[in-house]
Structure formats: structure tokens, C-alpha cells
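Here is what each chain is made of, one letter per residue.
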Amino acid sequence: MTTSRAVTWDVMASHGYETAWVVFDGRTLRARGRAVGTDPEPYWVWYELDTGDGYVTRLLRVTTETPEVTRTLELRHDGRGGWTADGEPLPEVHGALDCDLGLCPLTNTMPVLRHGLHRAAGEREFLMAWVSVPDLAVRPSVQTYTHLGGADGGGRVRYASGDFRSDLDLDADGLVVDYPELATRLTPR
């Protein structure tokens, strides 16, 4: 069964907003998103995200624009653990299954869905191909997701990376409703 969603977040961490159009089919996710932020400088972001089976990232295309420069990135995962950025190998993120686009609450969804962490007990550690915004640098990031409980078909998951921790409220589709210090979902009127 295919589900389509349009979600908008107030992204407090960037003093901006993000809207994503997301399509789920039970094993994969496709999304298109747009964001605007003012911190660390005024910028716009456009992205496309495609996953393969099990919500494993296959492709992230991103464009950022600041008053001075426009940048693009095509981040690809070969399905066997290898990554490239604009065709160049990224050995430092070899083995990662997911990308994590900086300041983007959508990219927390893939590891949560793959392991059902919004619905069932568990804790998992992941290596992520983390993409900073607006400069689009790709770096390895070790992240831990821990199921804390369920509510209204969704759940609460603790996200941790380095010294940073935050308890995320997720809906039944695994999409962020509230991510303290980063973003909160806006409700349509």
C-alpha cells in the first residue's frame, strides 16, 4: 500500500522552515523537500531522497543556495556499503546505510522505520553519511536510536550522537512530530 504525506516543520535550529512530500510503499521511501533557514547564514535547500528496500538510502540530491554561492551534491549508495559524492568515492562512510541531511528532520525516519524503533523496544547504533548545510560537506556520524515508548500509533525515540541527545516524538509513519532543539511539525489549519 502506498502512502503519500506532505509535512512541514518549523526548524528552530536554522530559524527556518522545511516542507517535504513523502511517499512510502511499505519498504521504501521517496521524498522531495524544500527548506529555508537563516542560521548559520541565509540559505535555501532543495533535495530529493530515494531509498531502496528496507529504507536504505540509495540517492540524495541536494542543492543549497546562499547569497554568495550555489552548491550541489549527488550522494549515492551502491547497496553494498559504498558511497560516492558527485562520483568520487567516500571511504570514510563505507558501511553506512543512511544519509542524514543536516537540520532535516525527515532523514531520521529511515533507521527508525527499518528497525521499527517507533513501535517496539530496541536500541541500534548506526554509521551515517552526514551532510552539513549549507556547505554540503559529507562526514561520518555515529548515531544511536533507542525506543522509549509508544503513543497514538507512533512513539518516542532517543537520538544520540556524541554528547548530543534528544527525545523525538514520531507519528505512526515514523515521521518526526517534535525534535526538541531542532524542529517541530506544523499542523495545517
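Above this text sits the structure in question.
Rules used in this analysis
- Residues numbered from 1 in each chain as written.
- Predicted model: local features only at pLDDT ≥ 70, side-chain atom pairs only at ≥ 80, totals over all residues.
- Heavy atoms only, no water.
- Helix = DSSP H or I, 4+ residues; strand = E, 2+ residues; numbered from the N terminus.
- Rg over C-alpha atoms; globule rule 2.2 N^0.38 Å.
- Contact = heavy atoms within 4.5 Å.
- Areas by Shrake-Rupley, 256 points an atom, 1.4 Å probe, with all protein chains shown as cover.
- Lys, Arg positive; Asp, Glu negative; His and termini not counted.
- Charge placed at Lys NZ, Arg CZ, Asp CG, Glu CD.
- Buried < 20%, exposed > 50% of the residue type's maximum accessible area, 1.4 Å probe, protein only.
- Pairing = 2+ DSSP bridges.
- Right-handed = clockwise from strand over helix to strand, strands pointing away.
- Salt bridge = Lys/Arg side-chain N within 4 Å of Asp/Glu carboxyl O.
- Polar contact = N/O pair within 3.5 Å; in protein donor to acceptor, adjacent residues only side chain to side chain.

## Focus on the overall build of the protein
Argument step 1. Within the protein one finds one helix and 15 strands.
Argument step 2. The globule rule puts the C-alpha radius of gyration for 189 residues at 16 Å, and the 15 Å found for the protein is close to it.
Argument step 3. In terms of its C-alpha atoms, the protein occupies a principal-axis envelope of roughly 45 × 40 × 35 Å.
Argument step 4. A separation threshold of at least 6 residues defines the contact pool for the protein, and within that pool the share at least 24 residues apart is 40%.
Argument step 5. In the structure as shown, the protein presents an accessible area of about 9,000 Å², 49% of it carried by carbon and sulfur atoms.
Argument step 6. Considering the protein, the positive charge centre built from 19 side chains and the negative charge centre built from 28 side chains are found 6 Å apart.

## So, the pairing of strand 9 (residues 98-101)
Remark: a regular strand shows side chains that alternate across the two faces of the sheet.
Argument step 1. Of the two faces of strand 9, the one holding D98 and D100 and the one holding C99 and L101 are both buried throughout.
Argument step 2. Bridge count between strand 9 and strand 10 (residues 123-131): four bridges; the pairing is parallel. Paired with D98 across the strands is M128, a residue of strand 10.
Argument step 3. Considered for its hand, the β-α-β crossover made up of strand 9, helix 1 (residues 109-115) and strand 10 is right-handed.

## A short note on the pattern of salt bridges
Argument step 1. As enumerated under the stated definition, the model contains eleven salt bridges in all.
Argument step 2. One salt bridge connects E48 with R61, and the closest N-O pair in it is separated by 3.6 Å. Of this pair, E48 sits in strand 4 (residues 43-51) while R61 sits in strand 5 (residues 57-65), and the two are 13 residues apart along the sequence.
Argument step 3. A salt bridge links R76 to E74, with the shortest nitrogen-to-oxygen separation between them at 2.9 Å.
Argument step 4. Of the residues examined, R76 reaches a relative accessible area of 37% and is grouped as partly exposed.
Argument step 5. By relative accessible area, which is 26% here, E74 ends up partly exposed.
Argument step 6. Bridged by salt links that share partners, the residues R5, D171, D173 and R185 form one connected network.

## Comments concerning the environment of H115
Argument step 1. Residue placement: H115 occurs in helix 1.
Argument step 2. Using a relative accessible area of 27% as the deciding quantity, one classes H115 as partly exposed.
Argument step 3. Spatially, the C-alpha atoms of H115 and L29 are 14 Å apart, while their sequence positions differ by 86 residues.
Argument step 4. Among the polar contacts listed, one links the side chain of H115 to the side chain of R124, at a separation of 3.4 Å.

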